[in-house]
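Residues per chain are reported as follows:
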Amino acid sequence: MPIAKEAWQAIWLTFELAASTTVLLLLLATPLAWWLARTRSRLRVPVSALVTMPLVLPPSVLGFYLLVAMGPDGPLGRLTQALGLGVLSFTFTGLLIGSIVYSLPFAVQPMQHAFEAMGSRPLEVAATLRASPIDAFFTVALPQARSGLLTAAVLSFAHTVGEFGVVLMIGGNIPGQTRVVSTQIYGYVEAMEYASAHWLAGGMLLFSFAVLLVLASLRRSDTRVLP
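Along each chain, numbering runs from 1 in the same order as the chain's sequence is written. A pLDDT threshold of at least 70 governs which residues receive local features in this predicted model, and a stricter bar of 80 or more applies before side-chain atom pairs are shown or counted, although totals over entire chains, interfaces and linings include all residues. With hydrogens and water excluded, all non-hydrogen atoms of the structure serve as input to the side-chain values.

An unreviewed UniProt entry lists the protein under the name Molybdenum transport system permease, with Massilia phyllostachyos as the source organism. A UniProt comment under Sequence similarities (unreviewed entry) is attached to the protein, and it reads "Belongs to the binding-protein-dependent transport system permease family. CysTW subfamily." UniProt positions are given in the numbering used here, feature names are shortened, and annotations may be inferred rather than shown by experiment.

Caption draft 1: Representation of the packing of helix 2 (residues 44–52) against helix 5 (residues 92–118) within the structure. The axes used here are C-alpha line fits, helices contributing only the stretch in contact, and every angle between their N-to-C directions lies in the interval 0 to 180 degrees. Helix numbers and strand numbers start at the N terminus; a helix is a DSSP run of H or I with at least 4 residues, a strand a run of E with at least 2. Two elements in contact, helix 2 and helix 5, have axes separated by 8 Å at closest approach and are oriented at 135°. Taken together, the axes of helix 2 and helix 5 are oblique relative to one another. For the pair formed by helix 2 and helix 5, the contact residues are Arg44, Val51 and Thr52 on the first element and Leu104, Pro105, Val108, Gln109, Gln112 and Glu116 on the second. Residues are grouped as follows: nonpolar covers Ala, Val, Leu, Ile, Met, Phe, Trp, Tyr, Cys and Pro; charged covers Asp, Glu, Lys and Arg; every other residue, Gly included, is treated as polar. Grouping the constituent residues of the contact of helix 2 with helix 5 by class yields four nonpolar, three polar and two charged. Comment on the angle field: the value is read as roughly parallel under 35 degrees, roughly antiparallel over 145, roughly perpendicular from 65 to 115, and oblique elsewhere. Whether two residues are in contact is decided by their heavy atoms, any of which lying within 4.5 Å being enough.

Caption draft 2: View of the UniProt feature "domain: ABC transmembrane type-1" (unreviewed entry) in the protein. The positions that UniProt labels "domain: ABC transmembrane type-1" (unreviewed entry) are, in the present scheme, residues 11–217. Each end of residues 11–217 is marked by a C-alpha atom, and these two atoms are 26 Å apart; helix forms 78% of the span and strand 0%.

Caption draft 3: Layout of the nonpolar core. One finds Val108, Met111 and Phe115 to be the most contacted residues of the largest nonpolar core, which totals 36 residues. Within the residue set of this core, elements represented by two or more residues are helix 1 (5–38), helix 3 (59–70), helix 5, helix 6 (121–128), helix 7 (133–144) and helix 9 (165–171). In terms of residue count, helix 5 provides more of this core than any other element does, 11 residues in total. The next biggest cluster of nonpolar side chains, apart from the first, holds 10 residues, and it includes Ala7, Ile11, Ala18 and Met204. Definition of nonpolar core: a set of buried residues of the types Ala, Val, Leu, Ile, Met, Phe, Trp, Tyr and Cys, connected through side-chain atoms within 4.5 Å. The buried label applies to any residue whose accessible area, calculated with a 1.4 Å probe on protein chains only, is under 20% of its type's maximum; exposed applies above 50%, and partly exposed to all values in between.

Caption draft 4: Up close: the layout of surface pockets. One number sums up the size of the second largest pocket: a volume of about 190 Å³. The wall of the second largest pocket is formed by 11 residues, among which Ile11, Phe15, Leu200, Gly203 and Met204 lie closest to the centre. Looking at the lining of the second largest pocket, the elements with two or more residues in it are helix 1 and helix 11 (194–224). When residues of the lining of the second largest pocket are assigned to their parent elements, the largest contribution, five residues, is made by helix 11. Looking at the lining of the second largest pocket residue by residue, the classes come out as nine nonpolar, two polar and no charged. Grid points spaced at 1 Å over the protein atoms alone were grouped into cavities, where a 1.4 Å probe fits but cannot get out, and pockets, open sets with protein on both sides within 12 Å along at least five of seven lines, with lining residues defined by an atom within 4 Å of a point. Grid points are joined across faces, edges and corners, and a volume is the space filled by probe spheres set on the points.

Caption draft 5: Broad picture of the pattern of salt bridges. We define a salt bridge as a contact between a side-chain nitrogen of Lys or Arg and a carboxyl oxygen of Asp or Glu at a distance within 4 Å. Using the criterion set out here, one finds one salt bridge in the structure. For the salt bridge of Arg44 with Glu116, the shortest nitrogen-to-oxygen distance reads 3.0 Å. You can see Arg44 sitting in helix 2 and its partner Glu116 sitting in helix 5, a full 72 residues away along the chain. Under the relative-accessibility criterion, Glu116 is labelled partly exposed at 34%.

Caption draft 6: Spotlight on the packing of aromatic side chains. Each Phe, Tyr or Trp ring (for Trp, its six-membered ring) is paired with any other whose centre lies within 6.5 Å, and the angle between the two planes then decides the class: stacked below 30 degrees, edge-to-face above 60, tilted in between. According to the stated counting rule, one finds nine aromatic pairs in the structure shown. Summarising the aromatic geometry, the rings of Phe15 and Phe157 are spaced 5.7 Å apart at their centres and angled 45° between planes, so their arrangement reads as tilted. Placement of Phe15 in helix 1 and of Phe157 in helix 8 (residues 146–161) is noted, with a sequence separation of 142 residues between them. Under the relative-accessibility criterion, Phe15 is labelled partly exposed at 35%. Ring centres 6.2 Å apart and planes at 45° place the aromatic pair Phe115 and Phe137 in the tilted group. Pair noted here: Phe115 is in helix 5 and Phe137 is in helix 7, with a separation of 22 residues, a long-range link. There is no split in this pair, since Phe115 and Phe137 are both buried.

Shown next as structure tokens:
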């Protein structure tokens, strides 16, 4: 059975969203994970709880409040309108913001654990060699935490691909603009087009299995380098 045009559009939009989310999440989550791993501030606990909150919040609740925030009367919506950007709800940019918030713990936690496992000894050695904190971070900390970075990238990408509740609330399932694979499957099921839903759902199943294989491979390679 050939895949319909709207399904290909949903697949392309899904991977575009996942790739964009992953890149932006790594840029945002890396310094945040480093701060959480190294700081002794009293803010560490509440910030960590805030980062972890998307793991326990129902996606519909998170999506609802993001929709309100990005709406014409929300704080983010008023800001974007004042900047001439319009309202971000029911747009690809809105989906991107929602995906970043929803997948944030999947990027931060693996990197935070990798930075914590590294300990302070490598940085102390770098300091004795007169490396600045920034140089030590890029030449010592990041290479030491590469497995955490790779895990964060894989999990962020996969989690974004599998989103449903958040993207449905924020995006509204608009064909060619905000309709991703998960909402396309939902549309097929609503229309009782089970054969089309089967093809997309089966692809998602294979993709999820591949992600688990990659994560298992990363963990195995990481244990091999341990002393």
